[in-house]
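If you want the building blocks of each chain, they are given just below.
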Amino acid sequence: MNTPSRSFGSVSVAMVTPFQPDGSIDIDSACKVACKLVDDGCDALVLSGTTGESPTTHQPEKNELVREVKAAVAGRAMIVAGAGSNDTAHAVRIAKGAQESGADGLLVVSPYYNRPSQDGVYQHIVAVAEATDLPVMVYDIPGRTGVAISDATLDRLAEHPQIKAVKDATGNVPQGFERITRTGLEYYSGDDSLNFAWLAHGASGVVSVAGHLIASGLRALVTEVDAGDLPAARAEFSKQSTIIDAVMGGGQGAVMAKEALKMIGVLDSATVRLPLVGASDAELANLRTALRAEGFIE
């Protein structure tokens, strides 16, 4: 069976950014998480994406995170840096800093909140892409940004030589299948509940949050789809549903991923920065029940 091209690997995690209890960045723990994820089967890591609390981390922290995590994984995984902002000049500065710090690629989200025209979306993404010579994954998540990337805009973006891929969190797999065929761009699932559907429709891989816990299962899922064994892949995906629901269905993804990593002993602190707040007692109880049921904790 022919496998899709993969400029950004096949199993990646949108990694949390660990903080000390006082809210300062915890680089040692970030490197610990990164190495765990690579050991579990990740071949790419996305740093300073939304799950990495990119809106509340600052550029010196982002740059240090790229440098230290890249050194820690020692070439075993691609390091993709988020370069997201609704201020194009700011996003350009983030992209340049990421390249200078050793990033291997960029994740560029469409500008959020100010709801630009489609031409504004296009010009923003191209400006960030052309700030470096790194390959770019465009992030389409209209539920957060307030603006979807149209077919016409994506077709324009696909013509740019540095724009290689899309992380799709639109929830619209049929639209994505058409876009894969039409544009030739690599597609990555940005929604854990649709990982199997995306891969079965020809996606190159996943950018996961639940992968903080199930990266080895995601690696098995990709391997089975690549081999054309869809029944085995479907069974593997079914085994992952409890964790996906617990992390992505029971609260904010970044919050729940940190709480899960703390429960299994990978992180000492699940601290987040405002406006995010820690999980509620009910959310923690549900998460603990799921982790116990799946054998992550006793």
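Computed from a predicted model, the values in this text were never measured in an experiment.

A. Structural detail: the overall build of the protein chain. When helices and strands are counted, the protein chain shows 12 helices and eight strands. A compact globule built from 298 residues would reach a C-alpha radius of gyration of about 19 Å, and the protein chain, at 18 Å, matches this within 12%. Taking as baseline every contact in the protein chain between residues at least 6 positions apart, the subset at least 24 positions apart corresponds to 72%. When the accessible surface of the protein chain is summed, it comes to about 11,900 Å², and 50% of that surface belongs to carbon and sulfur atoms. Each charge sign in the protein chain was given a centre, from 24 positive and 36 negative side chains, and these centres are 1 Å apart.

B. Inspection of the UniProt feature "active site" (unreviewed entry) in the protein chain at higher detail. UniProt feature "active site" (unreviewed entry): in the numbering of this structure it lies at Tyr 139 and Lys 167. A compact arrangement is adopted by the annotated residues: their sequence extent is 29 residues, whereas the largest C-alpha distance between any two is 4.7 Å. Take Tyr 139: it is sitting in strand E5 (residues 136-140). Judged by its relative accessible area of 6%, Tyr 139 is buried. Those residues within four positions of Tyr 139 in sequence are excluded, and the remaining contacts are Thr 50, Leu 107, Val 108, Val 109, Ser 110, Ile 149, Lys 167 and Ala 169. Its location among the elements puts Lys 167 in strand E6 (residues 163-168). Judged by relative accessible area, Lys 167 falls into the buried class, the value being 5%.

C. Spotlight on the pairing of E5. For E5, the tally of buried residues reaches five of five residues, placing the bulk of the element in the interior. Of the pairings in the sheet, the one linking strand E4 (residues 105-109) to E5 comprises four bridges and is parallel in character. Note on E5: the bridge partner recorded for Val 108 is Val 138. With helix H4 (residues 118-129) bridging E4 and its parallel neighbour E5, the resulting β-α-β unit is right-handed. Pairing of E5 with E6, which is carried by five bridges, proceeds in the parallel orientation. By the bridge assignment, Asp 140 is partnered in E6 with Asp 168.

D. Structural view of the sheet that holds E4. With respect to topology, eight strands assemble into a closed barrel ordered E1-E2-E3-E4-E5-E6-E7-E8, the strand pairing being parallel. Ignoring strand direction, the axes of neighbouring strands in this sheet form an average angle of 25°. With four bridges connecting them, E6 and strand E7 (residues 186-189) associate as parallel partners. Pairing of Asp 168 across the sheet is with Ser 189, part of E7.

E. View of the side chain of Lys 36. By the element assignment, Lys 36 lies in helix H1 (residues 27-39). Dropping the residues within four chain positions of it, Lys 36 is found in contact with His 212, Ile 264 and Val 266.

F. Structural context of the nonpolar core. In terms of nonpolar packing, the biggest core is built from 87 residues, with Met 15, Leu 45, Val 69 and Leu 106 touching the most fellow members. In this structure Val 69 touches Met 15, Ala 30, Cys 31, Ala 34, Leu 45, Leu 47 and Ile 79, once residues within four positions along its chain are discounted. In terms of nonpolar packing, the next biggest core, distinct from the first, is built from 14 residues, Ala 14, Ala 44, Leu 107 and Tyr 139 among them.

G. Here's a closer look at helix H9 (residues 211-226). A rise of 1.5 Å per residue sets the reference length of H9, with its 16 residues, at 22 Å; its end C-alpha atoms lie only 19 Å apart and thus fall more than 12% short of the reference. Gly 217 marks where H9 bends most, by close to 40°. Residues of H9 that are buried: Gly 211, His 212, Leu 213, Ile 214, Ala 215, Gly 217, Leu 218, Leu 221, Val 222, Glu 224 and Val 225. Directly after H9, the chain includes Gly 228, whose backbone phi takes a positive value near 80°.

Conventions adopted
Residues numbered from 1 in each chain as written. Predicted model: local features only at pLDDT ≥ 70, side-chain atom pairs only at ≥ 80, totals over all residues. Heavy atoms only, no water. Helix = DSSP H or I, 4+ residues; strand = E, 2+ residues; numbered from the N terminus. Rg over C-alpha atoms; globule rule 2.2 N^0.38 Å. Contact = heavy atoms within 4.5 Å. Areas by Shrake-Rupley, 256 points an atom, 1.4 Å probe, with all protein chains shown as cover. Lys, Arg positive; Asp, Glu negative; His and termini not counted. Charge placed at Lys NZ, Arg CZ, Asp CG, Glu CD. UniProt positions renumbered as here; feature names shortened; annotations may be inferred. Buried < 20%, exposed > 50% of the residue type's maximum accessible area, 1.4 Å probe, protein only. Pairing = 2+ DSSP bridges. Right-handed = clockwise from strand over helix to strand, strands pointing away. Axes fitted to C-alpha atoms, helices over the stretch in contact; angles between N-to-C directions. Core = buried A, V, L, I, M, F, W, Y, C linked by side-chain atoms within 4.5 Å. Expected span 1.5 Å × (residues − 1). Bend = angle between axes of the 7 residues up to and from the residue.

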